[in-house]
Amino acid sequence: MRMKPLIAAVAGVAFAAVALPRLIVADSAAPAAAAPAPAAAPTSDWPAFHGGGPLVGEAKALPAGTLTARWTFKHDEPGPFEGSAVISGGSVFIGDVKGRLFCLDLATGKPKWTYTIEAGFEASPLVVNGKVFIGDLGGLFHCVSAEEGKKLWTFDTGSGQPIHASANVFGNKLIFGDDGANVICVNADDGKKVWQVETGDRVNAAPAIGGGLAFISGCDAKLRAIQIENGKEKFAVELQSLAPGSPALLPDRIILGTDGGRVLAIAADGSKILWTYENVKDGAMVYSSSAVSEGIVVVGARDRLVHAIDAQTGAGKWTFATRGEVNSSPAIAGGKVYVGSRDKKLYVLDLKTGKKLDEFQASRAIEGSPAIGQGVVVVGDTSGAVYCLEPK
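Thresholds applied
Residues numbered from 1 in each chain as written. Predicted model: local features only at pLDDT ≥ 70, side-chain atom pairs only at ≥ 80, totals over all residues. Heavy atoms only, no water. Buried < 20%, exposed > 50% of the residue type's maximum accessible area, 1.4 Å probe, protein only. Helix = DSSP H or I, 4+ residues; strand = E, 2+ residues; numbered from the N terminus. Pairing = 2+ DSSP bridges. pLDDT = per-residue confidence, 0-100. Contact = heavy atoms within 4.5 Å. Salt bridge = Lys/Arg side-chain N within 4 Å of Asp/Glu carboxyl O. Phe/Tyr/Trp six-rings, centres within 6.5 Å; stacked < 30°, edge-to-face > 60°. Lys NZ or Arg CZ within 6 Å of the ring centre and 35° of its normal. Axes fitted to C-alpha atoms, helices over the stretch in contact; angles between N-to-C directions. Core = buried A, V, L, I, M, F, W, Y, C linked by side-chain atoms within 4.5 Å.

Colleague: Mind showing me how you'd approach the pairing of strand E6 (residues 100–105) here?
Modeller: Taken residue by residue, a regular strand's side chains alternate between the two faces of the sheet. Burial runs high along E6: 6 of the 6 residues are buried. Side chains of E6 alternate between two faces, with Arg100, Phe102 and Leu104 and Leu101, Cys103 and Asp105 buried alike. Here strand E5 (residues 91–95) folds back onto E6 in antiparallel fashion, the turn holding 4 residues, of which glycine 99 has a positive phi close to 90°. Relative to strand E7 (residues 111–116), E6 runs antiparallel, the two being bridged by 5 bridges.

Given below as structure tokens:
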């Protein structure tokens with residue numbers, strides 16, 4: 001995800017006082033939506049943006065030690081990395097804005113293959129069953145062999161609009177959004193369209209998956225719950241401000257940040273707002289997606305702060321100041337928060353207190369979310385470097 005395509009949508013709503021969201025029910029005769037499934041236990045891989053599934057951004061704990069570079073990868077003609085890396089098997093997958101999807105060896109950082117297109121990549125890859133799925137800035141969605149890097153199929157959205165949103169998966173159905181205001185579901189086997197839902201504006205966020213529903217936010221200032229089986233909208237919550245980040249699903253609530261400096265907890269069935277956090281300075285945009293662990297929500301914002309919020313009450317627990325906007329979506333592992341900033345640093349913070357435990361200096365701004373898996377942290381920066389960090 002990236003902010004540039006959203007700038008036009010900010011005008012007129014960014015800092016306006018807003019009312020609490022109201023519920024818009026698509027089918028009043030339909031039963032209440034099923035609650036999202038509880039977050040799955042963290043796995044050793046990190047095969048999707050924010051871990052995939054409910055998008056809570058939680059991973060297995062890393063060993064103790066100071067983060068040290070196992071390797072750094074940089075192409076001879078580097079392009080910025082705006083999206084996040086993923087980790088699957090013994091490989092790292094990440095795309096750059098020059099249109100290259102890299103598969104790097106997790107142990108050494110050496111390229112296994114490079115898949116190249118004319119348009120760029122700003123979305124994060126999704127790896128499922130030996131296939132890599134990613135949308136490009138020209139409006140094509142790609143399926144590539146994870147082993148060889150060969151194109152298996154492409155799906156043309158038909159809008160010609162960029163795909164900034166990372167995909168998520170339910171069974172053999174892939175769900176993603178595009179800048180043409182569409183939410184699209186395609187079959188993972190052959191790339192054929194299953195259904196398409198038109199929204200009111202661009203969709204830059206990855207959908208969260210739970211309870212047979214895809215929860216997706218966008219520039220039309222709505223959070224939608226869409227039935228994955230048939231593409232029918234179950235409910236929509238009007239947010240009053242655009243929501244560039246992805247929702248995080250808990251068993252009884254949905255956590256989501258918006259423009260205007262707010263983080264919301266919405267009941268799992270969309271029926272009410274449980275709390276609103278409004279302590280983001282100057283109403284700055286909450287661009288990043290929230291991570292949740294041990295009852296604590298952690299999110300970055302454009303006020304240059306990382307915010308920690310009580311998931312039950314919405315009370316602020318702590319803030320951590322960086323020297324740049326925090327567009328990077330935090331990840332949490334073993335009671336530690338890992339988050340990048342435009343100040344060129346990756347920070348490691350104590351989940352309970354916000355105390356800085358470690359930091360790593362990159363070459364340029366870190367926009368993507370850290371990927372945590374197999375005992376390492378992988379993150380790219382806008383200089384075109386990918387870093388694999390391990391505790392030593």
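Colleague: Whenever I open this one, the confidence of the model for the protein confuses me. Can you help?
Modeller: Detailed reading of the predicted coordinates is not advisable wherever pLDDT is low. In this model, the protein carries an average pLDDT of 90, and 89% of its residues clear a pLDDT of 70 or more. Confidence over residues 1–41 falls short of pLDDT 50; this stretch has 99 contacts with residues more than four positions distant or in other chains.

Colleague: I would appreciate a short explanation of unusual backbone geometry in the present structure.
Modeller: For residues other than glycine, phi is negative in most cases, and the peptide bonds are mostly trans. Notably, alanine 181 is not glycine yet its phi reads approximately 70°, a positive angle. Here alanine 181 shows up in the loop between strand E13 (173–177) and strand E14 (182–187). We classify alanine 181 as buried; its relative accessible area is 10%. Even without being glycine, lysine 344 reaches a positive phi, approximately 80°. Structurally, lysine 344 can be placed in the loop between strand E29 (336–340) and strand E30 (345–350).

Colleague: Would you mind showing me how to read the pattern of salt bridges here?
Modeller: Taken as a whole and assessed by the stated rule, the structure comprises 14 salt bridges. Taking the shortest distance from any N to any O, the salt bridge between aspartate 201 and arginine 202 comes out at 3.3 Å. Relative accessible area serves as the criterion here: at 23%, aspartate 201 is assigned to the partly exposed category. Owing to a relative accessible area of 15%, arginine 202 belongs among the buried residues under this scheme. Across the salt bridge formed by arginine 342 and glutamate 367, the nearest N and O atoms sit 2.1 Å from each other. Of this pair, arginine 342 sits in the loop between E29 and E30 while glutamate 367 sits in the loop between strand E31 (356–361) and strand E32 (371–373), placing them 25 residues apart in sequence. Residues participating in the shared-partner salt-bridge network are Arg70, Glu390 and Lys392.

Colleague: I'm lost on the side chain of glutamate 390 in this one. Help?
Modeller: Structurally, glutamate 390 is set in strand E34 (residues 385–391). In this structure glutamate 390 comes out as buried when scored by relative accessible area, which is 16%. Apart from the residues within four sequence positions on either side, glutamate 390 is in contact with Thr66, Leu67, Thr68, Arg70, Gly375 and Val376.

Colleague: Any chance you could explain the packing of aromatic side chains here in plain terms?
Modeller: By convention here, two paired aromatic rings are described through the distance between centres and the angle between planes. Applying the stated criterion across every chain, the model contains 10 aromatic pairs. Measuring from centroid to centroid gives 5.9 Å for phenylalanine 133 and tryptophan 153, while their planes differ by 45°, and the two rings are tilted. In this pair, phenylalanine 133 is assigned in strand E9 (residues 131–135) and tryptophan 153 in strand E11 (residues 151–156), connecting sequence segments 20 residues apart. Given a relative accessible area of 2%, phenylalanine 133 falls into the buried group. Among the aromatic residues, those joined into a cluster by ring pairs are Phe133, Phe141, Trp153 and Phe176. Here arginine 302 stacks its cationic end above the ring of tyrosine 287, 4.8 Å away from the centre of that ring.

Colleague: Is there a simple way to think about the sheet that holds strand E12 (residues 168–170) in this case?
Modeller: Here we have 4 strands laid out as an open sheet, ordered E12-E13-E14-E15, and antiparallel in their pairing. Each edge of the open sheet carries a strand with a single partner, namely E12 and strand E15 (193–198). Each adjacent strand pair in this sheet contributes to an overall mean axis angle of 20°, direction not counted. Across 5 bridges, the pairing between E14 and E15 is antiparallel. Paired with valine 186 across the bridge in E15 is lysine 193.

Colleague: I keep staring at the nonpolar core and nothing clicks. Help me out?
Modeller: Within soluble globular proteins, side chains that are nonpolar tend to cluster in buried spots. Counting 33 residues, the largest nonpolar core has Ile87, Val92, Tyr338, Ile372, Val377, Val378 and Val386 as its most contacted members. The biggest single contributor to this core is E34, with 5 residues. The residues touching valine 378, leaving out its near neighbours within four places in the chain, are Ala85, Ile87, Val92, Leu106, Ser369, Pro370, Ala371, Val386, Tyr387 and Cys388. Leu223, Ile254, Leu256 and Leu264 belong to the second-largest nonpolar core, a separate cluster that totals 18 residues.

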